[in-house]
Amino acid sequence: MSNKRFAEDIGNHRALIVKRKYECIGFKMRNLYAVTTGAGDVLASAVQELQVSGWRSEEPDITVYDRGRNPALELSHPFRWWFKRLEVWTPEGHLLGTLQQRFSLLTNIFDVEDAKGRVLMTVSGLHQFSLSTTFPFMKGDRLIATFTGRVQGLLRSISSEEVQHRVEYQDGRLTVEERQLILVAALFIDRQYFDKRGIDQSGTD
């Protein structure tokens, strides 16, 4: 594992809190993420530089850092008109896995794949119909993790107010790689389904 400290921090906790704050300084806009324990200890952070573009399918990449501000993961969005895809890379350039949206009439659904393209888990949620919603992570018919977040209706994400989500690992047999991919999936869910700026720019809604 390229970043042992990051892997240990993520692996030593059953529940993580993912916080996002929007920052705008002059013409520079970005999403700042903090990954903390329930007690508020910061385990990791992430930065996404936002861009205003006429190409609605473009999505800025995200860099995830460990608690020492060393790069831990690079999250890259390949070009897609529809059904967003997120690739998860180590700083050394090794593919850890991918997230791939799928078509569904009623739910927001995507697969979490390993580096060889094999589906590890499937994630779905009905965020449009609830102020508090849970996205279950399923491996077959077994619940292995959950993402619980909040949306703010028409007022969501239009200010610098902090948004907070919870990730809980339900299965103690999860590998280190699977735990990291679930955490990355939390950032993906927030950006695609909870952040109005993400929806406006990436054309996913």
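Conventions and cut-offs
- Residues numbered from 1 in each chain as written.
- Predicted model: local features only at pLDDT ≥ 70, side-chain atom pairs only at ≥ 80, totals over all residues.
- Heavy atoms only, no water.
- Helix = DSSP H or I, 4+ residues; strand = E, 2+ residues; numbered from the N terminus.
- Buried < 20%, exposed > 50% of the residue type's maximum accessible area, 1.4 Å probe, protein only.
- Contact = heavy atoms within 4.5 Å.
- Areas by Shrake-Rupley, 256 points an atom, 1.4 Å probe, with all protein chains shown as cover.
- pLDDT = per-residue confidence, 0-100.
- Axes fitted to C-alpha atoms, helices over the stretch in contact; angles between N-to-C directions.
- Parallel < 35°, antiparallel > 145°, perpendicular 65-115°, else oblique.
- Salt bridge = Lys/Arg side-chain N within 4 Å of Asp/Glu carboxyl O.
- Phe/Tyr/Trp six-rings, centres within 6.5 Å; stacked < 30°, edge-to-face > 60°.
- Lys NZ or Arg CZ within 6 Å of the ring centre and 35° of its normal.
- Core = buried A, V, L, I, M, F, W, Y, C linked by side-chain atoms within 4.5 Å.
- Patch = residues over 30% accessible without salt bridge, like charges linked within 9 Å, V, L, I, M, F, W, Y side chains within 5 Å.
- Polar contact = N/O pair within 3.5 Å; in protein donor to acceptor, adjacent residues only side chain to side chain.

Asker: Which residues make up the overall build of the protein chain, and what are the values?
Answerer: When helices and strands are tallied, the protein chain shows 3 helices and 12 strands. Sorting the 205 residues of the protein chain into buried and exposed places 49% on the buried side. Sequence-distant contacts, at least 24 apart, represent 42% of the contacts inside the protein chain between residues at least 6 apart. Put simply, the protein chain shows about 10,200 Å² of open surface, and 54% of that area lies on carbon and sulfur atoms.

Asker: Give me the side chain of Asp171: which residues, what numbers.
Answerer: For Asp171, the position within the fold is in the loop between strand E12 (163–169) and helix H2 (176–194). Overall, the relative accessible area of 7% leaves Asp171 in the buried class.

Asker: Describe the confidence of the model for the protein chain, naming the residues involved and giving the relevant values.
Answerer: Overall, the predicted model of the protein chain reaches an average pLDDT of 81, with 78% of residues at or above 70. When the criterion is pLDDT under 50, residues 153–160 qualifies, and its contacts beyond four places in sequence or with other chains add up to 17 contacts. Confidence drops under pLDDT 50 across residues 198–205; counting only partners more than four residues distant or on other chains, this segment forms 27 contacts.

Asker: An account of the packing of helix H1 (residues 4–11) against H2 is requested, with residue identities and associated values reported.
Answerer: At a closest axis distance of 9 Å, the pairing of H1 and H2 adopts a crossing angle of 80°. Considering the angle they form, H1 stands roughly perpendicular to H2. Mapping the contact onto sequence places Phe6, Ala7, Ile10 and Gly11 in H1 and Val176, Arg179, Gln180 and Leu183 in H2.

Asker: Outline the pattern of salt bridges, listing residues and values.
Answerer: Applying the stated rule across the entire model yields 12 salt bridges. Salt-bridge contacts for Arg173 lead to Asp171; the nearest nitrogen and oxygen are separated by 3.2 Å. Among the ionic contacts, a cluster of salt bridges with common partners joins Arg14, Arg166 and Glu168.

Asker: Outline the packing of aromatic side chains, listing residues and values.
Answerer: Evaluation of the coordinates by the stated rule reveals 2 aromatic pairs. Taking the centre distance of 5.1 Å and the plane angle of 70° together, the rings of Phe110 and Phe188 count as edge-to-face. Taken as a pair, Phe110 in strand E8 (residues 108–114) and Phe188 in helix H2 lie far apart in primary sequence, 78 residues in all. Per residue, the accessibility class of Phe110 equals that of Phe188, and both read buried. Taken together, a centroid distance of 5.8 Å and an interplanar angle of 85° make the contact between Phe135 and Phe147 edge-to-face. Within this pair, whereas Phe135 is found in strand E10 (residues 132–139), its partner Phe147 is found in strand E11 (residues 142–150), the two being separated by 12 residues in sequence. The ring centre of Tyr65 lies 4.1 Å from the NZ or CZ of Arg69, which sits over that ring.

Asker: Provide a residue-level description of the environment of Cys24, including the pertinent values.
Answerer: By secondary structure assignment, the location of Cys24 is in strand E1 (residues 15–25). Given a relative accessible area of 47%, Cys24 falls into the partly exposed group. Spatially, the C-alpha atoms of Cys24 and Leu50 are 9.6 Å apart, while their sequence positions differ by 26 residues.

Asker: For the nonpolar core, give the residues involved together with the corresponding values.
Answerer: In terms of nonpolar packing, the biggest core is built from 41 residues, with Leu75, Leu99, Phe110, Phe137, Tyr169 and Ile189 touching the most fellow members. Considering every element that reaches this core, the biggest residue donor is H2, with 11 residues.

Asker: Before we move on, can you summarise a nonpolar patch on the surface with the specific residues and values?
Answerer: A surface patch of nonpolar side chains, about 670 Å² in accessible area, is lined by Phe79, Trp81, Trp82, Phe83 and Phe103. Mapped onto the fold, Phe83 is located in the loop between strand E5 (71–76) and strand E6 (85–89).

Asker: Break down the side chain of Arg85 for me, citing the residues and quoting the values.
Answerer: Counting through the fold element by element, Arg85 comes out in strand E6. Residue classification places Arg85 among the buried residues on the basis of a relative accessible area of 17%. Among the polar contacts made by the side chain of Arg85, one reaches the side chain of Thr98 at a distance of 3.5 Å. Among the polar contacts listed, one links the side chain of Arg85 to the side chain of Gln100, at a separation of 2.8 Å.

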